[in-house]
Amino acid sequence: MSATNPTMRGWPTEDETADLGSVLGALDDDACREILEAASEETLTATELSEQCDIPTSTAYRKVEKLTEAGLVEEKVRINTSGKHATEYRTAFDDVVVTVADGGVELELTRPDTESNIGSAAPIAGD
């Protein structure tokens, strides 16, 4: 699908723009959509996403990379008391609206209003 005059509204911010093709490509991927659904409920590592979505761990890593590059998930570090830290992922939007009008495609992402997005510290997990 080609898009002429793609524009972004809403989230991401001016200094962090999402690519229309990347977002649409990620949303067209079944495994990516499963990951988005799982990560919308709670923050999960790639291994946890692999288990919940019943996909290989290597696939989970590839898909979260694709979703992160598209700006659809955010990464955080889970600090473990043992010193072995893990990257965890959470869906970074509430809604995605794609509008096709006036010879162009417009994409709007709305960011969730949660306390986890307002200066929260990294979670600490015991082993």
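Each chain has its residues counted from 1, following the order in which its sequence is written. With pLDDT at 70 or above as the cut-off, local features in this predicted model cover only qualifying residues; side-chain atom pairs require 80 or more to be listed or tallied, and sums for whole chains, interfaces and linings still use all residues. In computing side-chain values, all of the structure's heavy atoms are included and hydrogens and water are not.

Structural notes on the side chain of Glu-88
Thought 1: A helix here means a DSSP run of H or I that spans at least four residues, while a strand means a run of E at least two residues long, and both kinds are numbered starting from the N terminus. For Glu-88, the position within the fold is in strand E4 (residues 86-91).
Thought 2: Distance and chemistry together define a polar contact, namely a pair of N or O atoms within 3.5 Å, with one atom able to donate a hydrogen and the other to accept it when in protein, and with adjacent residues in sequence counting only for side-chain atoms on both sides. Engagement of the side chain of Glu-88 in a polar contact is seen with the side chain of Arg-78, the distance being 2.7 Å.

Considering the pairing of E4
The two faces of the sheet receive side chains in turn, since in a regular strand these alternate between them.
Thought 1: Criterion used throughout: strands pair if DSSP finds at least two bridges between them. Bridge analysis of strand E2 (residues 44-45) against E4 gives 2 bridges, and the strand direction is antiparallel. Bridging from a neighbouring strand, Thr-45 pairs with Glu-88 of E4.
Thought 2: Where strand E3 (residues 73-80) folds back on E4, the antiparallel hairpin that results is connected by 5 residues, among which Gly-83 adopts a positive phi of roughly 95°.

What to know about the nonpolar core
Thought 1: To qualify as a nonpolar core, a set must consist of buried Ala, Val, Leu, Ile, Met, Phe, Trp, Tyr and Cys residues joined through side-chain atoms within 4.5 Å. For every residue, the accessible area (1.4 Å probe, protein chains only) is compared with the maximum for its type, and the residue is labelled buried under 20%, exposed over 50%, or partly exposed between those bounds. Core analysis: the largest hydrophobic core is formed by 24 residues, its most contacted members being Ile-35, Leu-36, Leu-49, Leu-67, Leu-72 and Tyr-89.
Thought 2: Residue assignment for this core shows that the elements contributing at least two residues are helix H1 (20-27), helix H2 (30-41), helix H3 (46-53), helix H4 (57-69) and strand E6 (104-110).
Thought 3: Ranked by the residues each element gives to this core, the list is headed by H2, at 5 residues.
Thought 4: Residue contacts follow a heavy-atom distance rule, with two residues in contact if any of their heavy atoms lie within 4.5 Å. Setting aside chain neighbours within four positions, we find Leu-72 in contact with Val-23, Ala-26, Leu-27, Leu-36, Leu-67, Arg-90, Thr-91, Ala-92, Phe-93 and Leu-109.

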